[in-house]
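These are the residues of each chain, in order.
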Amino acid sequence: MPRILIVGGGYAGFYTAWKLEKWLRAGEAEVTVVDPLPYMTYQPFLPEVAAGSIEPRHAVVSLRRHLKKTTVVTAAVTKVDHATKTATITPAVGDAWTMEYDQVVMTAGAVSRTFPIPGVADEAIGLKTIEEAAAIRDKLLTNFAAAANLPAGPQRDRLLTVTVVGGGFAGIEIFAELRSFASDLLKKYPTLTIDDTHFHLVEAMGRIMPEVSLETSHWVLKNLAERQATVHLDTQLKSAVGGLIELSTGESFESDLIVWTAGVMANPMVRSTDFPLEERGRITVRPDLRIVDGETVVPDAWACGDVAATPDLTGKGVGGMCVPNAQHAVRMGKQLAKNITASLRGESTTDYKHENLGAVAGLGIGTGVFQSGKIVLKGFPAWAAHRGYHGMAMPSFERKFRVVTGWWNNMWLGRDIVSLDDREKPRAAFEKFASRPKPPVAEAAPEAAPAPEIGQPAGEPGPAYANPVDDEGAKAEGDAAAKPARKAPARKRATTTTQEAPVDEKAPAADKATAE
Ligand SMILES: Cc1cc2nc3c(=O)[nH]c(=O)nc-3n(C[C@H](O)[C@H](O)[C@H](O)COP(=O)(O)OP(=O)(O)OC[C@H]3O[C@@H](n4cnc5c(N)ncnc54)[C@H](O)[C@@H]3O)c2cc1C
C-alpha cells in the first residue's frame, strides 16, 4: 500500500490529512502526519487568546482526536532525502529514526522572522504559537497586579507599557486586542487609570495593514488613537536591550511586554531537504501543488501553505505568488488531498486557484474591520463578521462549539482575569514545603585518601595487578577511598553529635521551611 508522509500538521497539513481520510478508499494508501506539536494551531485566534477571549486549548485542534484514520507521530522531521524517499524523524525523547515513504507532502509552515536588533532575541516574544499567546495574556495580567502595588513612577510605567513591533494584520490585531483587554482590566484595578497604561506599535512603513485600502487603514489608526494606543509609522526599532525601547525617531521608553510580529519566513527545516527552493527560501511548486524544479516536476512530492511558493492563478498575488495566509493554506490542503488521490488513481490533477475573500480583523471586544474589494465594514458589524467567519472556519463541530460557547460565557460572565504565570515553574509551591530525606549523618570523618598514583583516578582502588607486594595495603586503602565517610571514624562523630545536640536540630533548610 502506498505510504504518504505529511511533514507538518498545521493548517495545510491537517486539512490534507483530514480530506485524504475522506477521499481515499480503504486500503488505497496509508497516511502519516509528523509534527512536533500534537495539535494544529488556529493562528487567527492567537490575538483573542492573548486577550483572554478564547481559552488556549480551545484554539488548537488535537491531531489524534480529529484524524481518526491517520497515523500521528509527535516528532520533528529533521531531514528529507527525496532521492531515496526517506525522512529522518527526531522525537523530543529517544533516538531519531528513518521513515520510508512513497509520496511526501511538505507543509511545515513558517516561523517568526526577526532582524539582528539588539535585545529583541532576549526580550521580545513572538506570536506564532499558542504558548506564546497564553504567555502574553499571563504577562499582562501579572504586570497589572504588580503595578497596582506600586506608586506612580518608572517602575510602574514599565510594567504597564506594551510594545508591538510590526503593523501587519497580526500586529494590529494583537495590539488592539491587548488594548481592549487592558482597558477592561482597569475596572478591577481602582488604583490604575487608562493614563497609566501605554501602548506603542512600531511600524517601519508609512502605513499599517497592507491587506486593506489606505482609507480603511486610516480608520484603524484613528480608532486606535481614540483608545490611547500610539502607532509609530515610518519608525524602526533600534534597540530593546533590557526592555529599553529605542526608536529611530530618537524616542525611548521602557517596556516590559514586547511582542514581535514583523514578518514570517518559510520554515528553515526545508534547507535540510533536497527540494528546490526559491530566493525567499520557499519550496517551488506548480499550480497543482506538485514540487517543481524549474520546469521539471519532482515526482511524488507535494507542498503547500506558507512553506511553498505557489503561483497565484488569479494574477493578484504578491510577486505572482499566493500570499501566506490561512485562507490559502486551508484550500490548498483540500486541493492537495484531491490531487494526491487523483494521482494514485492515474487521473489528472487540478490547478489550485482561489479568489481572495477579503480580510477581516478583530480589534478588541465590539470593534473590528472588514474589507472585500470595495465593501468595507467598520466597528461592531465588522467585529460580528470576524467572529462569525472564524467561528465557522474553526475545523470540526467539537472545536467550534468550545470556541463559540466560550465567547457566549464571556459575554455574560466576563473574561477570566487570573494569571497562571506560575505554571512556568509549576513545582515551586510543592518544592517549597516538600520534606526531603535527612542527609546521612556522617559517622566519621574519612581517612585521608591516598594520593593517586600516575594513571590511577583519585579515590578509586588501584588495579588488582598493581603491585602484588602491596596487595593487602592497597586493598585496605582502596576500600577506604571507595566508601568515604561511612566506616570506623564515623562512630566518633556520632557520639559527639549526640552529646552536642539532637540530630534534628541540625535539620536541613527544607525542614526549616516546613516549620516556618
Ligand atoms: C497571529 C496570527 C494571526 C493570523 N490571522 C490570520 C487571518 O486572520 N487570516 C488568515 O488567512 N491567515 C491568518 N494568519 C496566517 C495563517 O495562520 C498562516 O498563513 C497559516 O497558519 C499557514 O498554514 P501552514 O499549514 O502553512 O503553516 P502552519 O499552520 O504554521 O503549520 C505548520 C506546521 O508545521 C509544523 N512543523 C514545524 N516544523 C516542523 C518539522 N521540522 N517537522 C514537522 N512539522 C513541523 C508546525 O508545528 C506546524 O504545526 C495568521 C497568523 C498569525 C501568526
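Sequence order as written defines the numbering, with residues in each chain counted from 1. Reporting in this predicted model follows two pLDDT cut-offs: at least 70 for local features of residues, and 80 or more for side-chain atom pairs to be given and counted; totals over whole chains, interfaces and linings ignore these cut-offs and use all residues.

**Some details on the overall build of the chain**
Step number 1: The helix count covers DSSP runs of H or I at least four residues long, the strand count covers runs of E at least two residues long, and both are numbered beginning at the N terminus. A count of helices and strands for the chain gives 15 helices and 25 strands.
Step number 2: The exposure scheme places C-beta atoms from the backbone and then counts, for each residue, the other C-beta atoms within 10 Å of its own, assigning buried at 20 or more, exposed at 12 or fewer, and partly exposed in between. The burial tally for the chain puts 35% of its 516 residues in the buried class.
Step number 3: It is the C-beta atoms, placed from the backbone, that decide contacts: two residues are in contact if theirs lie within 7 Å. In the chain, the proportion of contacts linking residues at least 24 apart, taken out of those at least 6 apart, comes to 67%.

**Some words on helix H9 (residues 326–344)**
Since the α-helix turns once every 3.6 residues, residues separated by three or four places project in the same direction.
Step number 1: The end-to-end C-alpha separation of H9 is 27 Å, in line with the 27 Å expected for 19 residues at 1.5 Å each.
Step number 2: Listed as buried for H9 are His328, Ala329, Met332, Gly333, Gln335, Leu336, Ala337, Lys338, Asn339, Ile340 and Thr341.
Step number 3: Where H9 is buried, its residues meet strand S1 (3–7), helix H1 (11–23), strand S9 (103–106) and strand S21 (296–303).
Step number 4: Among the residues trailing H9, Gly346 stands out with phi positive, at a value near 75°. Expected span of a helix: the number of residues minus one, times 1.5 Å.

**Here's the deal with the site of the ligand**
Step number 1: For each residue, a C-beta atom is placed from the backbone, and the residue is labelled near a molecule or strand when this atom is within 6 Å of it. Around the ligand, the surrounding shell holds 35 residues, and the nearest of these are Gly8, Gly10, Gln43, Gly109 and Gly305.
Step number 2: Mapped onto the shell around the ligand, the elements with two or more residues apiece are H1, strand S2 (30–35), helix H2 (46–50), strand S6 (76–81), helix H7 (169–185) and H9.
Step number 3: Each residue belonging to the shell around the ligand can be placed in one class, and the counts come to 21 nonpolar, 11 polar and three charged.
Step number 4: Domain limits in this description derive from either an automatic procedure or a database domain assignment. A domain-level breakdown of the shell around the ligand finds at least three residues from each of domain 1 (3–36 + 75–110 + 265–354) and domain 2 (120–262 + 360–424). Charged residues are taken to be Asp, Glu, Lys and Arg, nonpolar residues to be Ala, Val, Leu, Ile, Met, Phe, Trp, Tyr, Cys and Pro, and polar residues to be all remaining types, Gly included.

**Here we look at the pairing of S1**
Step number 1: With respect to burial, S1 is a largely interior element, four of its five residues being buried.
Step number 2: If DSSP finds at least two bridges between two strands, the strands pair. Taken together, the five bridges between S1 and S2 define a ladder with parallel strand orientation. Among the inter-strand pairings, Leu5 is bridged to a residue of S2, identified as Thr32.
Step number 3: For the crossover from S1 across H1 to S2, the handedness is right-handed.
Step number 4: Two elements, S1 and S9, share four bridges in a ladder whose sense is parallel. What sits directly across from Ile6, in S9, is Val105. A right-handed crossover is one whose linking path, passing over the helix from the first strand to the second, runs clockwise when the strands point away from the viewer.

**Re H7**
Step number 1: Counted at 1.5 Å a residue, the expected span for H7 with its 17 residues is 24 Å, and the 24 Å between its end C-alpha atoms agrees.
Step number 2: Most of H7 is tucked away, with 15 of its 17 residues classed as buried.

**Comments concerning the nonpolar core**
Step number 1: Think of a nonpolar core as buried Ala, Val, Leu, Ile, Met, Phe, Trp, Tyr and Cys residues chained together by C-beta atoms that fall within 7 Å. The biggest cluster of nonpolar side chains holds 115 residues, and the ones touching the most others in it are Val7, Met106, Ile283, Ala303 and Cys304.
Step number 2: Domain assignment of the residues forming this core places at least three in each of domain 1 (3–36 + 75–110 + 265–354) and domain 2 (120–262 + 360–424).
Step number 3: Among all residues touching Val7, those that are not within four sequence positions of it are Val34, Val77, Val80, Val104, Val105, Met106, Thr107 and Ala108.

**Quick look at the sheet that holds strand S15 (residues 244–247)**
Step number 1: The strand order across the open sheet formed by three strands is S14-S15-S16, and the pairing between neighbours is antiparallel. The sheet is open, and its two edges are formed by strand S14 (237–239) and strand S16 (252–254), each paired on a single side. Averaged over all adjacent pairs, the angle separating strand axes in this sheet is 35°, with direction ignored.
Step number 2: In the sheet, S15 pairs with S16 via three bridges, with the strands oriented antiparallel. Bridged to Glu246 within S16 is Ser252. Lines are fitted to the C-alpha atoms to define the axes, a helix being fitted only along its stretch in contact, and any angle between axes, read from their N-to-C directions, falls within 0 to 180 degrees.

**Things to note about the environment of Ile174**
Step number 1: Its place among the elements puts Ile174 in helix H7.
Step number 2: Along the chain, Ile174 and Leu46 lie 128 residues apart, while their C-alpha atoms are 7.9 Å from each other.
Step number 3: Ignoring anything within four residues of it in the chain, the contact list for Ile174 reads Pro47, Ala50, Leu127, Val164, Val259 and Thr261.

**Here we look at the sheet that holds strand S23 (residues 359–362)**
Step number 1: Pairing in this open sheet of three strands is antiparallel, and the strands run S23-S24-S25 from one edge to the other. Because the sheet does not close on itself, it has two edges, and the strands there are S23 and strand S25 (375–378). Averaged over all pairs of adjacent strands, the angle between strand axes in this sheet comes to 0°, irrespective of strand direction.
Step number 2: Where S23 and strand S24 (residues 368–372) come together, four bridges link them in antiparallel fashion. Across the sheet, the residue bridging to Ala359 is Gln371, located in S24.
Step number 3: The sheet strands contacting helix H8 (residues 214–226) are S24 and S25, and the helix crosses S24 at an angle near 180°.

**Focus on the pairing of S21**
Residues in a regular strand project their side chains so that they alternate between the two faces of the sheet.
Step number 1: Pairing between S9 and S21: three bridges, direction parallel. Each bridged residue has a counterpart across the sheet, and for Val105 the counterpart in S21 is Trp302.
Step number 2: Where strand S20 (residues 290–293) folds back on S21, the antiparallel hairpin that results is connected by two residues, among which Gly294 adopts a positive phi of roughly 65°.

**Here's the deal with the packing of H1 against H9**
Step number 1: Running from N to C, H1 and H9 point in directions that differ by 35°, and their axes come no closer than 7 Å. In the packing of H1 onto H9, the handedness of the crossing is right-handed. Note on element contacts: H9 touches H1 through Ala326, Ala329, Val330, Met332, Gly333, Lys334, Leu336, Ala337, Lys338, Ile340 and Thr341, opposite Tyr11, Ala12, Gly13, Phe14, Tyr15, Thr16, Lys19, Leu20 and Trp23.
Step number 2: Its residues placed into classes, the contact of H1 with H9 shows 13 nonpolar, four polar and three charged. If you view the pair so one helix is near and one far, a crossing is left-handed when the near helix is turned anticlockwise from the far one by less than a right angle, and right-handed when it is turned clockwise.

**Let's talk about unusual backbone geometry**
Step number 1: Unusually for a residue other than glycine, Lys85 sits at a positive phi of about 55°.
Step number 2: On the secondary structure map, Lys85 appears in the loop between S6 and strand S7 (86–90).
Step number 3: Lys85 gets classed as partly exposed once you count the C-beta atoms within 10 Å, which come to 18.
Step number 4: Its identity as a non-glycine residue notwithstanding, Met209 has a phi of 45°, on the positive side.

**Thoughts on the confidence of the model for the chain**
Step number 1: Within a predicted model, pLDDT stands for the predictor's per-residue confidence, ranging from 0 to 100. Of all residues in the chain, 86% attain a pLDDT of 70 or more, and the chain-wide mean is 88.
Step number 2: Throughout residues 452–516 the model reports pLDDT below 50, and contacts reaching past four residues in sequence, or to other chains, amount to 61 contacts.

**A few points about the environment of Arg399**
Step number 1: Within the secondary structure layout, Arg399 lies in helix H11 (residues 397–413).
Step number 2: Spatially, the C-alpha atoms of Arg399 and Ala59 are 7.7 Å apart, while their sequence positions differ by 340 residues.

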